[in-house]
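# Fold and contact review
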Amino acid sequence: MLSTVPRTTLSRTPIARTSFANARGLNVGQRRLNSQVVPYGLVGVARALDETSSSTKTVSPSLFTHEFALSDKVALVTGGNRGIGLEAALTLSEAGARSVYCVDVHDEPGEEWTKTRSFITCMGLGRLEYIKGDVRDQEAMWKIGERIGDREGRMDVCVAAAGIFLIGPSLEYSAQDFQNVLAVNTNGTLYAAQASGRQMVRFGNGGSIIMVASICGSIALEPTLPSVSYHSSKSAVLQMARSMACELGPQRIRVNTISPGFIKTRFTHFLEEDHELKSKYEGANPLGRIGRPEELRGAFAWLASDASSFCTGSDIIVDGGHRAW
């Protein structure tokens, strides 16, 4: 019975109560910090009710010029050479970010990245930069964050999208493969969040950290796609985000995850070669198809911007309804 479990005495001491309040952001100073009004003022119905001038005055909508806009913002995206990471980088650029830094392990960016940068330039948007970096190296990632902070004078958004996927039966899965997947998917996500979060704290502007998880962090796809390492790593990312969200909220740093379902990337290219398996996973959601990377753009734009200013510690599921069944 729960009633027989002795209650902790730590919460009864003044020091413990103060520490708990500080950790949860309950002291007055932190509440004031969190209640600051955004620089562009009132929006929505509050703005409409505050409008006292004549009805003939011309006013402009604010949803996409203020709440969803990333004007003058700086972002770091891991796994940004291609796939979901590159899609996120382009999204942030189109939303108005002045600089988006794509970190990936390759010496030079690939053709997809180069063409995307040219596309951004043609639209007259901000800079898309490439930095070679290994998300498994904590010290290196912290230095990358510092370099960006020194150059830009701020850090506003992080998208931790770097990841790998290795299939294999759990009872035969090698220790090396297991460690390799966790090193990128779990450790690498933490190091990216640290690299950007430290700069967010440094400049005091708050920020948004977005970790790319997966529906595999909540459900298992065995026996057709056994990967105990991938499932474990993405489950860890979900809890990592919740933990960091609770800790960093008082500093106006929000931490959320996006859990995609099956998205057409290099991870799912094998489905094109196995029509039976492809049909199985197309039929595993109510929309009856595999998703496209661009269908994550709305979630990235929302979580990165002030439009989601009251959202932290949440997991945004974009899976065509896979988990609804």
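To keep things clear, this report deals only with the structure shown in the data block.

Analysis parameters
- Residue positions are given per chain, counted from 1 along the sequence in the order it is written.
- Only residues with pLDDT of 70 or above have their local features reported here, since the model is predicted, and side-chain atom pairs are shown and tallied only from 80 upward, although totals for entire chains, interfaces and linings are computed over all residues.
- Heavy atoms throughout the structure, all of them, feed into the side-chain values; hydrogens and water do not.
- What is meant by a nonpolar core is a set of buried Ala, Val, Leu, Ile, Met, Phe, Trp, Tyr and Cys residues, joined one to another through side-chain atoms within 4.5 Å.
- Categorising residues by exposure relies on relative accessible area from a 1.4 Å probe, with only protein chains included: less than 20% of the type maximum marks a residue as buried, more than 50% marks it as exposed, and the intermediate range marks it as partly exposed.
- Only DSSP runs of H or I with at least four residues qualify as helices, and only runs of E with at least two residues qualify as strands; both kinds are numbered from the N terminus onward.
- Patch criteria: residues need more than 30% relative accessible area and no salt bridge. Like-charged residues are merged within 9 Å; nonpolar side chains of Val, Leu, Ile, Met, Phe, Trp and Tyr are merged within 5 Å.
- Surface accessibility follows the Shrake-Rupley procedure with a 1.4 Å probe radius. Residue values consider only the protein chains on display as shielding.
- Whenever Lys or Arg places a side-chain nitrogen within 4 Å of a carboxyl oxygen from Asp or Glu, that contact is recorded as a salt bridge.
- Each polar contact in these results corresponds to two N or O atoms within 3.5 Å; when the atoms are within protein, one needs to be able to donate a hydrogen and the other to accept it, and residues that are neighboring in sequence are counted only if both atoms are side-chain atoms.
- At least two bridges found by DSSP between two strands is the condition for calling them paired.
- Computed over the protein atoms alone on a 1 Å grid, cavities are sets of points where a 1.4 Å probe fits but cannot get out and pockets are open sets with protein on both sides within 12 Å along at least five of seven lines; a residue lines them when it has an atom within 4 Å of a point.
- Grid points are joined across faces, edges and corners, and a volume is the space filled by probe spheres set on the points.
- Residues are grouped as follows: Ala, Val, Leu, Ile, Met, Phe, Trp, Tyr, Cys and Pro are nonpolar; Asp, Glu, Lys and Arg are charged; all remaining types, including Gly, are polar.

### Topic: the nonpolar core
Met141, Ile148, Ile209, Met211 and Val255 are the most contacted members of the largest nonpolar core, which totals 31 residues. The set of elements that each furnish at least two residues to this core consists of β1 (74–78), β2 (99–104), α7 (138–152), β4 (157–160), α8 (175–203), β5 (207–212), α9 (228–248) and β6 (253–260). Residue contributions to this core peak at seven residues, all from α9. One finds Leu70, Ile84, Leu90 and Leu296 within the second-largest nonpolar core, a separate group that totals 29 residues.

### Here we look at a nonpolar patch on the surface
A surface patch of nonpolar side chains, amounting to about 240 Å² of accessible area, comprises Phe119, Met123 and Leu125. With respect to the helices and strands, the residue Phe119 is situated in helix α6 (residues 111–122). The partly exposed category is assigned to Phe119, whose relative accessible area is 42%.

### A look at the environment of Asn285
Along the chain, the position of Asn285 falls in the loop between α10 (275–282) and α11 (297–304). You can call Asn285 buried: its relative accessible area is 5%. A polar atom in the side chain of Asn285 sits 2.9 Å from the backbone nitrogen of Leu287.

### Points about the pattern of salt bridges
A pair can form between side chains of opposite charge whenever their charged atoms are brought close. Taken as a whole and judged by the stated rule, the model has 18 salt bridges. A salt bridge links Asp72 to Arg98; the nearest nitrogen and oxygen atoms lie 2.7 Å apart. Here Arg98 lies in the loop between α5 (83–94) and β2 and Asp72 lies in the loop between α4 (63–67) and β1, a separation of 26 residues in the sequence. Here Glu139 ties to Lys143 by a salt bridge, and the two come within 3.4 Å at their closest N and O atoms. Linking Glu139 with Lys143, this pair stays in helix α7, spanning four residues, or about one helical turn. The exposure class of Lys143 is partly exposed, given its relative accessible area of 46%.

### Looking at the pairing of β5
Where burial is concerned, most of β5 is hidden: six out of the six residues are buried. Side-chain alternation along β5 places Gly207, Ile209 and Met211 on one buried face and Ser208, Ile210 and Val212 on a second face that is also buried. In the sheet, β4 pairs with β5 via four bridges, with the strands oriented parallel. Considered in β5, the bridge of Cys158 is made with Ile209.

### Quick look at the layout of surface pockets
Of the voids in this model, the second largest pocket is the one considered here, and its volume is about 760 Å³. Residue lining of the second largest pocket: 39 residues in total, with Ala161, Gly163, Ile164, Arg266 and Phe267 positioned closest to the centre. Of all the secondary structure elements, the ones that give two or more residues to the lining of the second largest pocket are α5, β2, α8 and α9. Its residues assigned to classes, the lining of the second largest pocket comprises 21 nonpolar, twelve polar and six charged.

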